[in-house]
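Coordinate inspection notes
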Amino acid sequence: MNIYISGLSYGTNDADLTNLFAEYGEVSSAKVIFDRETGRSRGFAFVEMTNDAEGQKAIDELNGVEYDQKVISVSVARPRAEKPSYGGNRGGGYNNSRRY
């Protein structure tokens, strides 16, 4: 089960999340997301747990609790939405039908 966590303290790391979620079952991965340009945490992460029932229990018990002085939100991770592909002419700021 893939789990999404938001509202994290900027000091939270992968090991912290692994330890937190390991109380509910086996954690196969934990990844805090960092900004590419600044290298700073973006305040959210993903945890993958091997057992769905254990993952759901972690979600139920951790959602809305205070962790590292911040209230976190924990939910099932949704698949990333596909961004629309803009090809060719994207338009512009000009109205082609305008007559001068």
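Notes on the structure in this doc start here. (Residues numbered from 1 in each chain as written. Predicted model: local features only at pLDDT ≥ 70, side-chain atom pairs only at ≥ 80, totals over all residues. Heavy atoms only, no water.)

Comments concerning the nonpolar core
In this structure, Ile3, Ile5, Leu17, Phe21, Val47, Met49 and Val74 are the most contacted members of the largest nonpolar core, which totals 18 residues. Discounting chain neighbours no more than four positions away, the residues touching valine 74 are Ile3, Tyr4, Ile5, Phe21, Ile59, Leu62 and Asn63. (Core = buried A, V, L, I, M, F, W, Y, C linked by side-chain atoms within 4.5 Å. Buried < 20%, exposed > 50% of the residue type's maximum accessible area, 1.4 Å probe, protein only. Contact = heavy atoms within 4.5 Å.)

A word on the sheet that holds strand β1 (residues 2-6)
Across the sheet, which stays open at both edges, the 4 strands sit in the order β2-β3-β1-β6 with antiparallel pairing between neighbours. With one partner strand each, in any of the chains shown, β2 (27-34) and β6 (73-76) form the two edges of the open sheet. Within this sheet the neighbouring strands show an average axis-to-axis angle of 20 degrees, counted without direction. Across 4 bridges, β1 lies against β6 in antiparallel orientation. When the sheet's bridge partners are listed, tyrosine 4 is paired in β6 with serine 75. Along the sheet, helix α1 (residues 14-22) makes contact with β1, β2, β3 (41-49) and β6, crossing β2 at roughly 140 degrees. On the sheet, helix α2 (residues 52-62) packs against β1, β3 and β6 and is oriented at approximately 150 degrees with respect to β6. (Pairing = 2+ DSSP bridges. Helix = DSSP H or I, 4+ residues; strand = E, 2+ residues; numbered from the N terminus. Axes fitted to C-alpha atoms, helices over the stretch in contact; angles between N-to-C directions.)

Observations concerning the pattern of salt bridges
For the coordinates displayed, the defined rule picks out 1 salt bridge. Here glutamate 61 and lysine 57 are joined by a salt bridge, their closest N and O atoms 3.9 Å apart. Note that glutamate 61 and lysine 57 are positioned in helix α2 at a spacing of 4 residues, about one turn of the helix. (Salt bridge = Lys/Arg side-chain N within 4 Å of Asp/Glu carboxyl O.)

Points about α1
What α1 keeps buried is the set Leu17, Leu20 and Phe21. Looking straight down α1, one finds its buried side chains confined to an arc of 90 degrees; they lie on one side. Buried residues belonging to α1 abut β1, β2, β3, α2, β4 (66-67) and β6. One side-chain oxygen at the N-terminal end of α1 lies 3.0 Å from the backbone nitrogen of alanine 15; it belongs to asparagine 13. (Arc of directions from axis to C-beta. Polar contact = N/O pair within 3.5 Å; in protein donor to acceptor, adjacent residues only side chain to side chain.)

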